[in-house]
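The chain contents come next:
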Amino acid sequence: MTHPSAAALLAWYDRHRRSLPFRKPAGEAGDLPDPYQVWLSEVMLQQTTVAAVAPRFQRFLGRFPTVAALAAAPAEAVMEEWAGLGYYARARALHAAARAIAAAGAFPPDAAGWRELPGIGPYTAAAVAAIALGQPEVPVDGNVERVVARLFAVTEPMPRAKKTLAALAQGFSSDPAMRARPGDFAQALFDLGATICTPKNPACALCPWREGCAGQAMAADLPVRAEKVPRPMRHGAHFLALDGAGRVLLGRRPGHGLLGGMADIPGTAWTGAPWTDAEALAEAPFAAPWAAVPGVALHGFTHFQLTMRLFWARVEIPGTNQDWRPLAEAARILPTVFRRLLVLAEGAGVR
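Below, the structure is looked at part by part. (Residues numbered from 1 in each chain as written. Predicted model: local features only at pLDDT ≥ 70, side-chain atom pairs only at ≥ 80, totals over all residues. Heavy atoms only, no water.)

1. Let's talk about empty space enclosed by the protein
Counted by the stated rule, this structure contains 1 cavity of 30 Å³ or more. Broken down by element, the residue count for the lining of the largest cavity peaks at 3 residues, all from helix α9 (residues 142-151). Residues belonging to the lining of the largest cavity are distributed by class as follows: 12 nonpolar, 1 polar and 2 charged. (1 Å grid on protein atoms, 1.4 Å probe; cavity = no way out; pocket = protein on both sides within 12 Å on 5 of 7 lines; lining within 4 Å. Points joined across faces, edges and corners; volume = space filled by probe spheres on them. Helix = DSSP H or I, 4+ residues; strand = E, 2+ residues; numbered from the N terminus. Nonpolar A, V, L, I, M, F, W, Y, C, P; charged D, E, K, R; others polar.)

The following block contains the structure:
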């Protein structure tokens with residue numbers, strides 16, 4: 001298949017590139033970007049929007065400005081700084097990879113070396129190699145898959161089409177214009193998918209590749225998606241303990257599995273059947289006059305939906321060796337799923 005001109009895409013990118021906090025300003029000369037910052041931004045952007053990542057990227061760098069600083073940080077500090085970004089296995093892998101880089105004394109020199117680090121797959125390795133190392137790699141994320149599926153009219157359904165789309169994307173690596181500016185080409189592909197070749201109502205008339213796009217007439221239907229399977233519902237009950245100073249008792253999730261290592265609000269397991277009051281109270285972290293908060297909190301995970309009941313109690317003499325935090329601090333370090341419980345409590349007037 002004939003690939004459209006990389007030069008045409010780069011010319012469009014030079015005029016329309018997005019200004020992002022983790023991207024070098026247009027026209028800035030000098031060395032390639034810091035691999036740590038490129039890597040961090042790519043990990044944060046996985047499954048998370050640019051709007052959500054932009055302020056958190058700067059905050060994370062303020063706390064862990066270098067890969068050495070990240071490697072030296074306690075795991076709890078890293079997980080707390082990641083709170084609210086979701087997909088928390090990313091943070092655990094980021095921390096583990098930082099420690100591996102610090103131990104090696106240098107960043108890996110190519111995509112193959114990056115793929116050997118914890119949590120780094122083909123996309124992230126290719127993105128860092130292209131943008132931070134200037135190597136002719138084509139990173140393939142959801143945006144790029146959509147662009148390529150439309151360019152070449154690939155009607156094979158996802159996820160089976162992923163190998164086909166990845167192979168077609170790599171075909172750009174032989175284009176001299178791409179090889180001269182691999183980092184800009186990768187980011188141009190990202191921008192094209194995010195701003196022109198969007199999932200719905202693509203702006204084909206503004207696309208620099210519109211004349212060579214085989215799937216333009218059916219762009220809105222590409223890539224072909226498999227039917228979504230309904231997510232099962234799980235149920236939980238949690239216990240909000242407040243002391244006389246308005247602090248909240250936090251727990252800590254196990255270091256592995258869903259939300260591993262994150263702070264939490266103590267509660268039951270998440271099961272397929274709702275919890276009765278008696279069943280839930282039998283799982284309370286300690287004896288107290290627990291009162292049920294009206295309503296439920298809802299949260300969606302990738303593979304299931306969750307509905308949570310909440311009980312609360314005032315504890316006048318908090319226990320020692322427990323993690324009591326001011327409510328504002330708790331809201332900052334808790335994952336979104338548990339923040340929903342704080343919102344439920346606030347709506348019911350619990351202080």
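Text resumes after the structure shown.
2. Quick look at the nonpolar core
Counting residues in each nonpolar core, the largest one holds 99 residues, and the members touching the most others are Trp39, Phe60, Trp82 and Trp209. Judged by nonpolar contacts, the second largest core, of 12 residues, contains Ala241, Leu249, Trp275 and Trp290. (Core = buried A, V, L, I, M, F, W, Y, C linked by side-chain atoms within 4.5 Å. Buried < 20%, exposed > 50% of the residue type's maximum accessible area, 1.4 Å probe, protein only.)

3. Examining the environment of Val78
By the element assignment, Val78 lies in helix α5 (residues 75-82). Residue Val78 is classed as buried on the basis of its relative accessible area of 0%. Those residues within four positions of Val78 in sequence are excluded, and the remaining contacts are Phe60, Phe64, Leu70, Ala73, Ala91 and His95. (Contact = heavy atoms within 4.5 Å.)

4. A closer look at the layout of surface pockets
Counted as a void, the second largest pocket has a volume near 470 Å³. Lining the second largest pocket are 22 residues, with Gly86, Tyr87, Leu258, Phe301 and Thr302 sitting closest to its centre. Listing elements by their share of the lining of the second largest pocket, those giving two or more residues are α6 (89-104), β4 (291-300) and α15 (336-347). Sorting elements by how many residues they give to the lining of the second largest pocket places α6 first, with 3 residues. Split by residue class, the lining of the second largest pocket holds 10 nonpolar, 10 polar and 2 charged.

5. Description of the pattern of salt bridges
Across all of its chains, the model carries 14 salt bridges by this definition. Residues Arg181 and Asp14 are paired through a salt bridge, measuring 2.7 Å at the closest nitrogen-oxygen approach. Here Arg181 is found in the loop between α11 (176-180) and α12 (182-195), whereas its partner Asp14 is found in helix α1 (residues 6-16), with 167 residues between them in sequence. Taking relative accessible area as the criterion, Arg181 reaches 27% and is therefore assigned partly exposed. Ionic pairing is found between Asp277 and Arg309, a salt bridge with its closest N-O pair at 2.6 Å. With a gap of 32 residues between them, Asp277 in helix α13 (residues 277-281) and Arg309 in strand β5 (residues 305-315) connect regions that are remote in the sequence. On the basis of relative accessibility, which here comes to 37%, the residue Asp277 falls in the partly exposed class. Bridged by salt links that share partners, the residues Glu80, Arg252, Asp323, Arg325 and Glu329 form one connected network. (Salt bridge = Lys/Arg side-chain N within 4 Å of Asp/Glu carboxyl O.)

The values reported here are purely geometric and, on their own, carry no functional implication.
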